[in-house]
Amino acid sequence: MAPEPISVINLHPVQSDARAEVLEGLSKAQKELPAKFFYDRAGSVLFEEITALPEYYLTRTEISILDEHAEEMVAMFGSSFALIEYGSGSSRKVRILLDQLSGHAIYMPVDISLLYLKESAEKVNDAYPDVTVVAVCADYTQPFEIPTADEYDKRVIFFPGSTVGNLESNLARMFFRDTARLLKSGDGMLIGVDLKKDPAILNAAYNDSRGVTAAFNLNILRRINRELQADFDVEQFEHLAFYNEEKGRIEMHLRSRIAQEVRLNSHRISFREGETIHTENSYKYSMDDFARLLQDTGFVPVRTWTDQQELFSVHYLAVP
């Protein structure tokens, strides 16, 4: 059966002022850059390489959990549902769930990039002609309205990849509150969450022996040079990633090898030797940590699946 054309709903997400964000971050006492700037075309290719590295357990472990338990997960969605994926990416993981469909379903990928969104939605549409595909261009980190799907009994948000770990705890709680407000009683969320573990495993995952993660981290400076006319000497910065046990997170930084000055248009930014730019956090949770995070957000935990080594977890949350 030939698939129906996809529907595209463009909610016209507001694009931030990249130059202003970068300048604001580099003006702080602890210099920082928004992690979203990692993902230009080169950065996205490098991240796909990272997911296949032997040290980087996250992607393959989450996929193994989905492979093993997808039938049980999809059974919790009911026989008629809208599956809404935040940050659809390559749609590799959602296909594991779509392979288990036996009832009526609509698939709604949500992404801020309209072009990338259409490309990924069309691939799913071609592979699953029985599934209605409605692509939604929106910024899921900001409040937005999910298009109505009244012909389906339940709405389930799919948020894999432990992306919630990139948020500070107060922002993560706000994210869950905002997301719960989009849903009604009985709706749910399937979310991937990375777990606390031996720091040696964590440090190795973000400092791979091939240097792919280092290249991914440094690429953010190349993007700023290209798109914002800065003059970072990329060779004079080095990748730094470590597990901060007190805060329960991996921190990624770029460390200046020398004292230097960088120009961004008319602005000049000075670096001391050894000074860092903080580029990303990746929080790791125990089961109790994650349960506490969810308190008073509008979600309650229903079911959790992990791998045998308890490296990673996938949770089904419900709106009571």
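Here the structure is a predicted model, which is why all the values come from computation and not from measurement.

Residue placement: isoleucine 146 occurs in the loop between β4 (132–137) and β5 (154–159). Put simply, isoleucine 146 and alanine 52 are 94 residues apart on the chain and 33 Å apart in space, counted from C-alpha to C-alpha. Contacts of isoleucine 146, omitting those with residues within four sequence positions, involve Ile84, Met108, Arg155, Ile157, Leu182 and Leu183.

Our next topic: the pattern of salt bridges. Scanning the model with the defined rule gives 23 salt bridges in all. For lysine 28, the salt bridge identified is with glutamate 32, shortest N-O distance 2.7 Å. The class of lysine 28 is partly exposed, set by a relative accessible area of 36%. Among the salt bridges present, the one from glutamate 227 reaches arginine 223, with a minimum N-O distance of 3.1 Å. With glutamate 227 and arginine 223 both in helix α8 (residues 212–228) and 4 residues apart, the pair spans about one turn of that helix. By sharing partners, the salt bridges in this structure join Asp40, Arg223, Arg226 and Glu227 into a single network.

Backbone geometry at serine 162 places phi at a positive 55°, although glycine is not the residue there. Counting through the fold element by element, serine 162 comes out in the loop between β5 and α6 (169–181). Taking the relative accessible area as the measure of exposure, serine 162 reaches 4% and is therefore buried. Its identity is not glycine, yet asparagine 265 carries a phi of approximately 55°, on the positive side. Position of asparagine 265 among the secondary structure elements: in the loop between β9 (260–264) and β10 (267–271). For asparagine 265, a relative accessible area of 40% corresponds to the partly exposed category.

Taken in spatial order, the 3 strands of this open sheet run β7-β8-β11, and their pairing is antiparallel. At either end of the open sheet lies a strand with only one pairing partner, and these are β7 (237–244) and β11 (276–283). Pairwise comparison of adjacent strand axes, ignoring direction, gives a mean angle of 20° for this sheet. In the sheet, strand β8 (residues 249–256) pairs with β11 via 7 bridges, with the strands oriented antiparallel. Of the residues in β11, the one forming a bridge with isoleucine 250 is serine 282. Its contacts with the sheet put α8 on β7, β8 and β11, and the angle it makes with β8 is roughly 60°.

How each quantity is defined
- Residues numbered from 1 in each chain as written.
- Predicted model: local features only at pLDDT ≥ 70, side-chain atom pairs only at ≥ 80, totals over all residues.
- Heavy atoms only, no water.
- Helix = DSSP H or I, 4+ residues; strand = E, 2+ residues; numbered from the N terminus.
- Contact = heavy atoms within 4.5 Å.
- Salt bridge = Lys/Arg side-chain N within 4 Å of Asp/Glu carboxyl O.
- Buried < 20%, exposed > 50% of the residue type's maximum accessible area, 1.4 Å probe, protein only.
- Pairing = 2+ DSSP bridges.
- Axes fitted to C-alpha atoms, helices over the stretch in contact; angles between N-to-C directions.

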